[in-house]
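Chain by chain, the residues run as shown.
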Amino acid sequence: MMDEYSLPPQLPALLLPWYREHRRMLPWREDGQPYHVWVSEIMLQQTRVEAVKGYYARFLAELPTIQDLAQCDDEKLHKLWEGLGYYSRVRNLKKAAGEIMTRYGGTFPRDYKAVLALPGIGEYTAGAICSISFNQPTPAVDGNVLRVCARLTDDRASIDLPDTKKKVRTALEAIYPACAGDFTQALMELGATLCGPNWKPQCGQCPCAALCRAFQNGTAESLPVRSPKKEKRQEDRTVFILSCDGRYALHRREKKGLLAGLYELPNVEGRYSQNEIVQLVKDMHLSPIRVQKLEDTKHIFSHIEWQMEGYAILVEEAGFDTVAEKMAANNLIFVDAEKSQENYAIPSAFAAYAK
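Trainee: Please explain the side chain of serine 133 as it appears in this structure.
Mentor: Among the structural elements, serine 133 can be located in helix α8 (residues 123-134). Exposure remark for serine 133: the relative accessible area of 19% places this residue in the buried category. At 2.8 Å, the side chain of serine 133 and the backbone oxygen of glycine 32 are in polar contact. When near neighbours in sequence (up to four residues on either side) are disregarded, serine 133 contacts Gly32, Gln33, Pro34, Val37 and Ala128.

Trainee: Is there a simple way to think about the environment of leucine 118 in this case?
Mentor: By secondary structure assignment, the location of leucine 118 is in the loop between α7 (112-116) and α8. Given a relative accessible area of 3%, leucine 118 falls into the buried group. With 22 residues separating them along the chain, leucine 118 and alanine 96 place their C-alpha atoms 5.4 Å apart. Other than its neighbours up to four places away in sequence, leucine 118 contacts Ala96, Glu99, Ile100, Phe108 and Pro109.

Trainee: Honestly, the packing of helix α9 (residues 143-153) against helix α10 (residues 162-173) in this entry has me stumped. Any pointers?
Mentor: Relative placement of two packed helices is described by the angle separating their axes and the distance separating the axes. The contact between α9 and α10 brings their axes to 11 Å, and the two run at 75°. As far as their axial angle goes, α10 and α9 are roughly perpendicular. On the side of α9, the interface is formed by Val145, Leu146 and Cys149, while α10 contributes Thr164, Lys165, Val168 and Leu172. For the contact of α9 with α10, a count of residues per class yields 5 nonpolar, 1 polar and 1 charged.

Trainee: How should I be thinking about α9 in this particular structure?
Mentor: Owing to its 3.6 residues per turn, the α-helix brings residues three or four apart onto one side. Buried residues dominate α9, accounting for 10 of its 11 residues. The set of residues buried in α9 consists of Asn144, Val145, Leu146, Arg147, Val148, Cys149, Ala150, Arg151, Leu152 and Thr153. Taken together, the buried residues of α9 touch α1 (11-22), α10, α11 (180-192) and α12 (213-217). Of the residues that open α9, the one with a side-chain oxygen 3.2 Å from the backbone nitrogen of asparagine 144 is aspartate 142. With its phi angle positive at about 55°, aspartate 154 sits one or two positions after the end of α9.

Trainee: Would you take a moment to explain the packing of aromatic side chains for this structure?
Mentor: When we look at a pair of aromatic rings, we describe it by the centre distance and by the angle of the planes. According to the stated counting rule, one finds 8 aromatic pairs in the structure shown. With 4.9 Å between their ring centres and 80° between their planes, tyrosine 263 and tyrosine 344 make a pair best called edge-to-face. Placement of tyrosine 263 in strand β3 (residues 263-264) and of tyrosine 344 in the loop between α15 (337-343) and α16 (351-354) is noted, with a sequence separation of 81 residues between them. Seen from their ring centres, phenylalanine 301 and tryptophan 306 are 5.0 Å apart, and the 75° between their planes marks the pair as edge-to-face. According to the relative accessible area criterion, phenylalanine 301 is buried, its value standing at 11%.

Trainee: What am I meant to see in the side chain of histidine 299 here?
Mentor: Following the sequence through the fold, histidine 299 ends up in strand β6 (residues 297-300). Take histidine 299: its relative accessible area is 17%, and that puts it in the buried class. Excluding residues that lie within four positions of it along the chain, histidine 299 makes contacts with Ile304, Glu305, Trp306, Met308, Ser348 and Ala349.

Trainee: Just checking my understanding: could you explain a negative patch on the surface for this structure?
Mentor: Side chains of Asp245, Asp336, Glu338 and Glu342 sit close together on the surface and give a patch of like negative charge. Mapping glutamate 338 onto the fold places it in helix α15. With relative accessibility at 60%, the residue glutamate 338 sits in the exposed group.

About the cut-offs
Residues numbered from 1 in each chain as written. Predicted model: local features only at pLDDT ≥ 70, side-chain atom pairs only at ≥ 80, totals over all residues. Heavy atoms only, no water. Helix = DSSP H or I, 4+ residues; strand = E, 2+ residues; numbered from the N terminus. Buried < 20%, exposed > 50% of the residue type's maximum accessible area, 1.4 Å probe, protein only. Polar contact = N/O pair within 3.5 Å; in protein donor to acceptor, adjacent residues only side chain to side chain. Contact = heavy atoms within 4.5 Å. Axes fitted to C-alpha atoms, helices over the stretch in contact; angles between N-to-C directions. Parallel < 35°, antiparallel > 145°, perpendicular 65-115°, else oblique. Nonpolar A, V, L, I, M, F, W, Y, C, P; charged D, E, K, R; others polar. Phe/Tyr/Trp six-rings, centres within 6.5 Å; stacked < 30°, edge-to-face > 60°. Patch = residues over 30% accessible without salt bridge, like charges linked within 9 Å, V, L, I, M, F, W, Y side chains within 5 Å. Areas by Shrake-Rupley, 256 points an atom, 1.4 Å probe, with all protein chains shown as cover. Salt bridge = Lys/Arg side-chain N within 4 Å of Asp/Glu carboxyl O. Lys, Arg positive; Asp, Glu negative; His and termini not counted. Charge placed at Lys NZ, Arg CZ, Asp CG, Glu CD.

Below, the structure written as structure tokens:
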């Protein structure tokens, strides 16, 4: 039963000294500013810490304030985010920054419910911001924290279930110490290091081993339990690298759905013969001169896998300007290779061909 679940009240006393001695020095831990914590937590979703460091520094150098983020041009914003993926995260960052400007005068709200109501912020991110920046007892329950708690309690409930997250959050609230921000980060740190996800837990070095039921029962390596993963849907895509006089074609995706609003290499669902490829290019109001088959590649999203077949296609320049309007109607533009790298964020799904 949910009301029977609890965590050892001695946990903060054991965990906090370890954290203060062994924590990694991360840039977003230096000042605890809510804007900095917010940006870092959004970046860290689905992305490794080492990969985020450079993005975080560049992002704040370009957009040092919430106002700068709210007013940032979308193309620049996408370029700053290029390579991190899940672009809806950065679009929601900008939406939330706009709300903070209009509703709170540019000052990040301190109330947990107000933070939770901002676009793109869920219970985990709201808990992290309010505890780390404002020292409030608001747990930030992510995969790392769920893993730690599953092992501490030898709990076999799937950590993917909403009820599991709810009971862990409630149990943590009951034992939060006065130094809430450090405790939140200590739990994260333990789950990212000694009690990590992809290696044998280092129980011999863990400050909480004396409290850990999984360690005592010899079950730590079998935890946490997860629900069976759904198979990813596979989809064939044909990608066109269309070039003309050193310029390359980019297509802007629709404003909703997968990779919404981003520029990509033109592509269509399915696989086609070379004759069909030629006709598809003609349908774009272009005249193909040479078609070269490229190596196949693939890209895996959270819910779908693209099996990709690429073609490098040279199109003739004759009449190029006269078809520009028709191409624009299809969200197709030609840009210099250098400018495309500087100004347009190309999703990593196309990295094998975009290079």
